[in-house]
Amino acid sequence: MDLRTMTQSLVTLAEDNMAFFSSQGPGETARRLSGVFAGVREQALGLEPALGRLLSVAHLFDLDAETPANGYRSLVHTARCCLAHLLHKSRYVASNRRSIFFRASHNLAELEAYLAALTQLRALAYYAQHLLATNRPGRLFFEGDEGVTADFLREYVTLHKGCFYGRCLGFQFTPAIRPFLQTISIGLVSFGEHYKRNETGLGVTASSLFTSGRFAIDPELRGAEFERIIQNLDVHFWKAFWNITEIEVLSSLANMASATVRVSRLLSLPPKAFEMPLTADPKLMVTISPPLAHTGPGPVLVRLISYDLREGQDSEELSSLVRSEGPRSLELRPRPQQAPRSRSLVVHIHGGGFVAQTSKSHEPYLKSWAQELGTPILSIDYSLAPEAPFPRALEECFYAYCWAVKHCALLGSTGERICLAGDSAGGNLCFTVSLRAAAYGVRVPDGIMAAYPATMLQSTASPSRLLSLMDPLLPLSVLSKCVSAYAGGETEDHSDSDQKALGMMGLVRRDTALLFRDLRLGASSWLNSFLELSGHKSHPNSVPVAEPMRRSVSEAALAQPEGLLGTDSLKSLTLHDLSLRGSSETADTPELSLSAETLGPSTPSAVNFLLGPEDAPEEAEARDEPRELSTKDRVCSVGSAFPEGFHPRRSSQGSIRMPLYSSPIVKNPFMSPLLAPDSMLQTLPPVHIVACALDPMLDDSVMFARRLRSLGQPVTLHVVEDLPHGFLSLAALCRETRQAAAVCVERIRLVLNPPGPSAPTTPLV
């Protein structure tokens, strides 16, 4: 059924039901039923033209005709799902309203919930139209003035969200996913109760965690509590909740349902420098130093998983690296005969928002991969934010990747073909590890498989990110807190009434926190070391670094002169600017100079995304004034996105301060690979992306694939329907998740076993 027909049918049914309940006397339930159908009629009629306009231009943002996917399409699809449910419920009411078995109160509660959802979806449709009118042609991410972006996001976060977490929870996903989401939501709000009492949650029993009675039987209460949690609790809460899957009981149950493998060993790689040959000239060597950022040299944990016991995997050298995990630390069993080394190797980097989980959480599907692919898998347990912010995770993943390439024989592989694979934050690290390998001149992987990766960590609006309003797994506030933690910023605003009462002491505490945050943000000047490694000349005004990889990051940041590279001209670089700049580099321009410039000196005004005009320095206002005026000429205000008379529902949880960052560090191409210049992206191997149509991160995948395609880089994009972000961890849940996980395996197989020249070439979609 097309959109117009669906809307007309819903309006007709709503008018019929409205007339019926209006004639049923002065009863409260009848009055509310009449009112809810009047609201459904009003919102449906207002929403249909907006969706039609979005749908008419959505094809302009697709990767190609065979891959019809982008945030505009996803928003229209989600609204259609809500309209379809209301249409089904209206038909049911029209058919059963005279029956003595008709449950008026139950149907009223469901209709009111979906009416609230439809109202908020109408607001999102207007926001999407606002983006469509503001963005550059063909761009999904907003690239305008940061002040307008801040206003937009500040307005967006005030919208009511609880309706999407109660009766309407997961309405946009496949029905098989909804019971799981309901269980998770009950567990989340129950866990939040324990967290408020300063409990870690690790001692919570399954019954107390997932069967909290009042949240299970009252969807409205559950939705309101869910909204309170996502808006107010800090990143440490989410770290603790997401790590529940690593509790021994739950992890054991997950492993019982997964494939049985011969090898599952946790290894600790010692922090020792080693040498690797340059791909351009294998006679020359480059030193790979251990991770140093923030915490100094330290071991890197990795997990080796292999379905068969292969040569080298039981060697004394590898056994000396094994780290005990307790009673289930080793699944290595004697076998009469060893299998020969595999010609391929998969290096896996797990997701978890840069703040949570380890390879243990992802072990169930990794075991299935090892069985289906017949190749060893090395999964990297990188250090997590906020304790270890950027670039620590990148350093550790790169070090572990290089170690795996050098010691692949110990892992049961000859290393002829190597694939980097990761999901979400791990997909981001797969891209950046490959970019760093190219910068060092060492072997890059033969291909990358990234599932629903995050390629743009800058806080900017896009149509798919509007879906975070209703996504129970990736709410906007949670996303921003994870990115802030990874960027090295404060994860929570601790200012309260007591601090404000301190007067000057409160200001000292605030300014001290800003100072340390700025020092951490400046830490990424370690990227200047790439200039020396890339073999190019540096800028005339750059400062040579004697031992860049052996100094601490803090020393590098503090030693950088204040006026080394200004940020004024680069602070507002857009994706288009980066593309032009990357393509116009000359032989005398360092390959990584852009990232160094982008990481110029940081100021508090450049860090706080939601800094009000009264707090901004006068010089910053003067600097941004011309650009701000030109943007406001195009867009009068965020409020103008709504037509007269339409008022979306606002959150009852009060104001929220989210750590939304626009500091130079998030524009670093080693943090946001979508912003990398062309010359860097051209060093990537073939890329295979598997994305979700209803994922707030969908536009990250679409725009990254479009950039690679525009550069002539080999890239495929497959978009799965009706599944949430993180489906790999749900692979055993239902048929749809198993099919999506199988697509990821097939993409990895394409990297490990590329089709021969004689094989027919068929486009992958």
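Residues numbered from 1 in each chain as written. Predicted model: local features only at pLDDT ≥ 70, side-chain atom pairs only at ≥ 80, totals over all residues. Heavy atoms only, no water.

In the annotation of an unreviewed UniProt entry, the entry for the protein chain reads Hormone-sensitive lipase isoform X3, and the organism field reads Camelus bactrianus.

## Remarks on the overall build of the protein chain
Within the protein chain one finds 27 helices and ten strands. Looking at the protein chain residue by residue over its 765 residues, the buried ones come to 58%. Contacts in the protein chain between residues far apart in sequence, at least 24 positions, make up 83% of those at least 6 positions apart. Of the accessible surface of the protein chain, which amounts to about 30,200 Å², a share of 54% is contributed by carbon and sulfur atoms. (Helix = DSSP H or I, 4+ residues; strand = E, 2+ residues; numbered from the N terminus. Buried < 20%, exposed > 50% of the residue type's maximum accessible area, 1.4 Å probe, protein only. Contact = heavy atoms within 4.5 Å. Areas by Shrake-Rupley, 256 points an atom, 1.4 Å probe, with all protein chains shown as cover.)

## Concerning the pairing of strand 7 (residues 413–423)
Across the eleven residues that make up strand 7, a large majority, nine, are buried. When strand 5 (residues 342–349) meets strand 7, the two strands line up parallel, connected through seven bridges. Counted as the bridge partner of Val-346 is Cys-419 from strand 7. Bridge analysis of strand 7 against strand 8 (residues 447–451) gives five bridges, and the strand direction is parallel. By the bridge assignment, Cys-419 is partnered in strand 8 with Gly-447. Note on the crossover from strand 7 through helix 15 (residues 425–440) to strand 8: the handedness is right-handed. (Pairing = 2+ DSSP bridges. Right-handed = clockwise from strand over helix to strand, strands pointing away.)

## Quick word on the environment of His-647
Inspection of the secondary structure puts His-647 in the loop between helix 24 (618–634) and helix 25 (678–681). Along the primary structure His-647 and Gln-120 are separated by 527 residues, whereas in three dimensions their C-alpha atoms are 9.4 Å apart.

## A closer look at the confidence of the model for the protein chain
Here the protein chain averages 79 in pLDDT, and 72% of its residues register 70 or above. Every residue in residues 199–211 scores below 50 in pLDDT, and together they form 19 contacts with partners more than four places removed in sequence or on other chains. Note that residues 491–636 has pLDDT below 50 and, in this model, 218 contacts with residues that lie over four places away or in other chains. (pLDDT = per-residue confidence, 0-100.)

## Regarding helix 26 (residues 698–710)
When the terminal C-alpha atoms of helix 26 are compared, their 18 Å separation across 13 residues agrees well with the 18 Å that a helix rising 1.5 Å per residue should span. Of all 13 residues in helix 26, ten are buried; the element is thus mostly enclosed. Regarding helix 26, the residues found buried are Leu-698, Asp-699, Asp-700, Ser-701, Val-702, Met-703, Phe-704, Ala-705, Arg-707 and Leu-708. Two residues or fewer after helix 26 comes Gly-712, characterised by a positive phi angle close to 80°. (Expected span 1.5 Å × (residues − 1).)

## Regarding the sheet that holds strand 7
The strand order across the open sheet formed by eight strands is 1-4-6-5-7-8-9-10, and the pairing between neighbours is mixed. The sheet is open, and its two edges are formed by strand 1 (263–269) and strand 10 (715–720), each paired on a single side. This sheet shows a mean twist of 20° between the axes of neighbouring strands, independent of strand direction. Across the sheet, helix 14 (residues 392–406) touches strand 1, strand 4 (300–306), strand 5, strand 6 (377–381) and strand 7, and the angle it forms with strand 6 is around 155°. On top of the sheet, helix 27 (residues 735–752) reaches strand 5, strand 7, strand 8, strand 9 (687–692) and strand 10; it is set at about 145° to strand 7, its chief contact. (Axes fitted to C-alpha atoms, helices over the stretch in contact; angles between N-to-C directions.)

## What to know about the packing of aromatic side chains
A full pass over the atoms with the stated rule returns 23 aromatic pairs. Consider the rings of Tyr-127 and Tyr-156, whose centres lie 6.1 Å apart with planes at 70°: the pair is edge-to-face. Highlighted residues: Tyr-127 in helix 4 (residues 104–134) and Tyr-156 in helix 5 (residues 146–156), separated in sequence by 29 residues. With respect to burial, Tyr-127 and Tyr-156 carry one shared label: buried. (Phe/Tyr/Trp six-rings, centres within 6.5 Å; stacked < 30°, edge-to-face > 60°.)

## Here we look at the pattern of salt bridges
Counted under the stated rule, the structure contains 23 salt bridges. Between Glu-110 and Lys-89 there is a salt bridge whose closest N-O contact spans 3.4 Å. Of this pair, Glu-110 sits in helix 4 while Lys-89 sits in helix 3 (residues 71–96); the two residues are 21 residues apart in sequence, bridging distant segments of the chain. A residue is classified by how much of its surface remains accessible, and Lys-89, at 10% relative accessible area, is buried. The partner of Glu-363 in a salt bridge is Lys-367, with the nearest N and O atoms 3.7 Å apart. On the criterion of helical spacing, the pair formed by Glu-363 and Lys-367 is a turn pair, its members being four residues apart in helix 13 (residues 359–373). The exposure classification of Glu-363 matches that of Lys-367, with both residues buried. Here the residues in one salt-bridge network are Arg-417, Arg-443 and Asp-446, joined through shared partners. (Salt bridge = Lys/Arg side-chain N within 4 Å of Asp/Glu carboxyl O.)

## Examining the side chain of Arg-417
Along the chain, the position of Arg-417 falls in strand 7. Within the local environment of Arg-417, its side chain forms a polar contact with the backbone oxygen of Val-751, the two atoms lying 2.7 Å apart. Leave out the neighbours within four places in its chain, and Arg-417 touches Arg-343, Ser-344, Leu-345, Arg-443, Asp-446, Val-751, Leu-752 and Pro-754. (Polar contact = N/O pair within 3.5 Å; in protein donor to acceptor, adjacent residues only side chain to side chain.)

## Considerations on the pairing of strand 1
Most of strand 1 sits inside the fold, with seven of its seven residues counted as buried. One ladder, built from seven bridges, connects strand 1 with strand 4; its direction is antiparallel. Across the sheet, the residue bridging to Leu-266 is Arg-303, located in strand 4.

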